[in-house]
Amino acid sequence: MNRIDGRKENELRPVKMTTSFVDFAEGSVLIECGKTKVLCCASVEDRAPKHVPEGTGWVTAEYSMLPRANRERSRRDVSKLKLSPRSAEIQRLIGRSLRAAVDLAALGDRTITIDCDVLQGDGGTRTASVTGGFAALAIACKKLVESGAIEKNPIKNHVAAVSAGIVEDELLLDLCYEEDSHAMVDLNCVMNENGELIELQGTGEGRGFTVSEQRALVDLCQGGIQELIAKQKEILGGNT
């Protein structure tokens with residue numbers, strides 16, 4: 001099939017990451033994946049949650065979409081007096097993914113919160129949040145080392161995420177909104193730089209998918225994630 005933006009089936013959308021996008025966060029990255037744009041900010045607090053063992057840190061995330069991030073205005077969660085189930089599920093995914101990249105004991109008694117705010121959504125907002133969120137986290141951790149707050153960088157390895165799906169019986173990487181809305185199968189994949197899976201979310205829409213199809217989708221994602229991690233390393237330089 002001919003993709004709407006002319007990409008090959010295994011080709012990512014154009015990716016751009018702009019560091020230090022805001023002045024006050026300990027780490028900030030604006031990530032753009034095609035038309036999807038997410039602002040990721042890392043904030044450091046010198047205390048850890050009560051459920052965390054003493055001497056151990058924590059990494060968590062919050063996720064939201066601005067009212068005009070989509071084609072029609074959506075209500076802010078605060079106006080509904082509760083977090084939407086979708087936002088809650090996505091921010092848990094981001095938090096789990098980023099904790100997998102960090103030696104929490106080396107972080108010490110502190111919390112790093114990654115705020116992921118979708119400025120414009122065109123598919124893949126959760127995966128862009130993981131990829132950009134890691135970059136913001138890495139910048140914040142480097143600053144902790146440089147300030148003498150911690151002795152060694154707690155980042156263990158790079159983490160990134162991307163989507164893949166089956167559209168009109170073809171396997172495609174990094175679905176934009178138009179492709180995602182017509183996908184028969186949608187899969188989100190989080191991996192580290194060693195090729196180890198951190199999380200896999202797959203859903204059949206209208207039909208199931210075979211184990212061999214799942215493996216093929218994961219292979220597609222792995223290639224895309226390697227490219228994203230290379231981009232992270234390029235923009236972070238010596239930050240990890």
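It should be emphasised that the depicted structure is a prediction, and the values quoted were computed from it without experimental measurement.

Draft legend 1. Summary view of the pattern of salt bridges. With the rule as written, the count across this model stands at 13 salt bridges. For E89, the salt bridge identified is with R126, shortest N-O distance 3.0 Å. A residue pair is termed long-range when its members are at least 10 positions apart, and E89 in helix 1 (residues 85–99) and R126 in helix 3 (residues 125–146) qualify at 37 residues. Among the salt bridges present, the one from D103 reaches K152, with a minimum N-O distance of 3.8 Å. Of this pair, D103 sits in the loop between helix 1 and helix 2 (104–107) while K152 is found in the loop between helix 3 and strand 6 (159–167), placing the two residues 49 residues apart along the sequence.

Draft legend 2. Highlighting the nonpolar core. Counting residues in each nonpolar core, the largest one holds 60 residues, and the members touching the most others are I94, I112, I114, F134 and L137. The dominant element in this core, judged by the number of residues it contributes, is helix 3, at 11 residues. Sequence-distant contacts of I94, that is, excluding residues within four places in its chain, are made with A61, Y63, C116, R126, S129 and V130.

Draft legend 3. Layout of the environment of L200. Structurally, L200 can be placed in strand 9 (residues 197–204). With 13 residues separating them along the chain, L200 and L187 place their C-alpha atoms 7.2 Å apart.

Draft legend 4. View of the layout of surface pockets. Estimates place the volume of the largest pocket at around 550 Å³. Lining the largest pocket are 23 residues, with R86, G123, G124, R126 and D180 sitting closest to its centre. Elements with a contribution of two residues or more to the lining of the largest pocket: helix 3, helix 4 (177–181), strand 8 (185–192) and strand 9. Residue composition of the lining of the largest pocket, by class: 4 nonpolar, 11 polar and 8 charged.

What counts, and at which threshold
- Residues numbered from 1 in each chain as written.
- Predicted model: local features only at pLDDT ≥ 70, side-chain atom pairs only at ≥ 80, totals over all residues.
- Heavy atoms only, no water.
- Salt bridge = Lys/Arg side-chain N within 4 Å of Asp/Glu carboxyl O.
- Helix = DSSP H or I, 4+ residues; strand = E, 2+ residues; numbered from the N terminus.
- Core = buried A, V, L, I, M, F, W, Y, C linked by side-chain atoms within 4.5 Å.
- Buried < 20%, exposed > 50% of the residue type's maximum accessible area, 1.4 Å probe, protein only.
- Contact = heavy atoms within 4.5 Å.
- 1 Å grid on protein atoms, 1.4 Å probe; cavity = no way out; pocket = protein on both sides within 12 Å on 5 of 7 lines; lining within 4 Å.
- Points joined across faces, edges and corners; volume = space filled by probe spheres on them.
- Nonpolar A, V, L, I, M, F, W, Y, C, P; charged D, E, K, R; others polar.

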